[in-house]
Amino acid sequence: MSDETRPLPRIRARGRSFLALVLSPEAELDDWLRGLDAQIARSPSFFVGKPIILDLGLLAGDAEGLAELYPALLERGVRVIGIEGGDPDWPAVAGWDWPMGFDGGRAAGTVELPEDNTGHAAPMPPAPSGPAAALIVEGPVRSGQSVQNPDGDVVVIGSVASGAEISAGGSVHVYGTLRGRAIAGMGGQTGARIFAAVMKAELLAIDGYYMIAEEIDPTLLDRSAQAMLEDDTLVVRTLN
């Protein structure tokens, strides 16, 4: 059979969604980068493999240090897949390899990096109105897996292994041992919480405030516990 008469192969395509974090640097950029370095030092793996959108909306085109910002992020292993809120015609960004943007993205809350251990973050946009369906995972979440529900809660009927990640617009409920990373309140829900039957998390985050394993009170480990925000501070308390 000649190439002209051979049936063409059928092309198959499947959708796959990923959560992209949005970084919104602010002037003074040198101080902002030092805050980023502090966050990376506390949680070196947080940005590993994460797609990042760089939002320049809080910066002016003549902001001091703007020309060096994008190269500085690349040096730190931050994987920028898109840039928004700025103008490619700004002279300061003329030398950037400006990534092409993506259409059709849905906002799930901007994730700000804390500048110190208190993790003060900028206000988030209002949470979307109306209840959203919870995502229920029947079974364990294994290392390397990522479960996301940007609009509602995530409920895991099982354990979350080290190296796994749960991300929710609402609260995270783990009816087993939480060893991986749990991120709640992605859309600005300050009242979101993280519940674990057995708390051994690598990282906890609610509405842009973070806590790594070393910052959790050792007396709360291996116990039923919940994480919540109190006066712009992430705290962990026992459930019994």
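Only a predicted model underlies this, so the values are computations on that prediction, with no experimental measurement involved.

About the thresholds
Residues numbered from 1 in each chain as written. Predicted model: local features only at pLDDT ≥ 70, side-chain atom pairs only at ≥ 80, totals over all residues. Heavy atoms only, no water. Helix = DSSP H or I, 4+ residues; strand = E, 2+ residues; numbered from the N terminus. Buried < 20%, exposed > 50% of the residue type's maximum accessible area, 1.4 Å probe, protein only. Contact = heavy atoms within 4.5 Å. Areas by Shrake-Rupley, 256 points an atom, 1.4 Å probe, with all protein chains shown as cover. Phe/Tyr/Trp six-rings, centres within 6.5 Å; stacked < 30°, edge-to-face > 60°. Core = buried A, V, L, I, M, F, W, Y, C linked by side-chain atoms within 4.5 Å. Pairing = 2+ DSSP bridges. Axes fitted to C-alpha atoms, helices over the stretch in contact; angles between N-to-C directions. pLDDT = per-residue confidence, 0-100.

Undergrad: Whenever I open this one, the overall build of the chain confuses me. Can you help?
TA: For the chain, the count of helices and strands is two helices and 14 strands. Counting the 240 residues in the chain, one finds 44% classified as buried. Restricting to contacts in the chain with at least 6 residues of sequence separation, those with at least 24 account for 43%. Accessible surface, the chain as shown: approximately 13,200 Å² in total, 51% of it carbon and sulfur.

Undergrad: So what exactly am I meant to see when it comes to the packing of aromatic side chains here?
TA: Here the structure, examined in full by the defined rule, presents two aromatic pairs. An angle of 35 degrees between the planes, with centres 5.3 Å apart, marks the rings of Y70 and W96 as tilted. Of this pair, Y70 sits in helix α2 (residues 66-75) while W96 sits in the loop between β3 (79-84) and β4 (135-137), and the two are 26 residues apart along the sequence. An identical accessibility class is assigned to Y70 and W96; each is buried. One aromatic cluster is present, built from ring pairs that chain together Y70, W96 and W98.

Undergrad: I tried to follow the nonpolar core on my own but got confused; where do I start?
TA: Most often, soluble globular proteins have nonpolar side chains that are buried together. Judged by nonpolar contacts, the single largest core of 31 residues is most densely connected at L54, L56, L66, L69, L73 and W96. Secondary structure elements with two or more residues in this core: β1 (21-23), α1 (29-42), β2 (51-55), α2, β3, β11 (203-206) and β12 (209-212). Filtering out sequence-adjacent residues up to four positions away, L56 remains in contact with P25, L66, L69, I83, E84, G85, G86, W90, W96 and W98.

Undergrad: I keep staring at the sheet that holds β2 and nothing clicks. Help me out?
TA: The strands that make up a sheet pair up through hydrogen bonds in the backbone, lying either parallel or antiparallel. Judged by pairing direction, the sheet is parallel, and its three strands sit side by side in the order β1-β2-β3 without closing on themselves. Two strands in the sheet have a free side with no partner beyond their single neighbour: β1 and β3. Averaged over all adjacent pairs, the angle separating strand axes in this sheet is 35 degrees, with direction ignored. Examined bridge by bridge, β1 and β2 share three bridges and lie parallel to one another. The residue bridging V22 from the neighbouring strand is I53, located in β2.

Undergrad: Help me out: how do you make sense of the confidence of the model for the chain in this one?
TA: For residues with low pLDDT, the predicted coordinates do not support detailed interpretation. In the predicted model, the chain carries a mean pLDDT of 81, and 80% of its residues have values of at least 70. Low pLDDT, under 50, characterises residues 108-130; the stretch is placed with 51 contacts to residues that sit more than four places away or in other chains.

Undergrad: I tried to follow unusual backbone geometry on my own but got confused; where do I start?
TA: Among all residues except glycine, the phi angle is most often negative; among peptide bonds, the trans geometry is most common. A cis amide bond links A27 to the next residue, E28, at an omega of 0 degrees. With respect to the helices and strands, the residue E28 is situated in the loop between β1 and α1.

Undergrad: What exactly am I supposed to notice about the sheet that holds strand β13 (residues 225-230) here?
TA: Strand order in the open sheet made by the six strands is β4-β6-β8-β10-β13-β14, with mixed pairing throughout. Looking at the sheet topology across the chains shown, the edges are occupied by β4 and β14 (233-238). Across this sheet, the average inter-strand angle for adjacent strands is 20 degrees, counted without regard to direction. In this sheet, β13 lies alongside strand β10 (residues 194-199) in antiparallel orientation, the contact comprising three bridges. Residue I194 lies in a different strand from β13, and its bridge partner there is A227.

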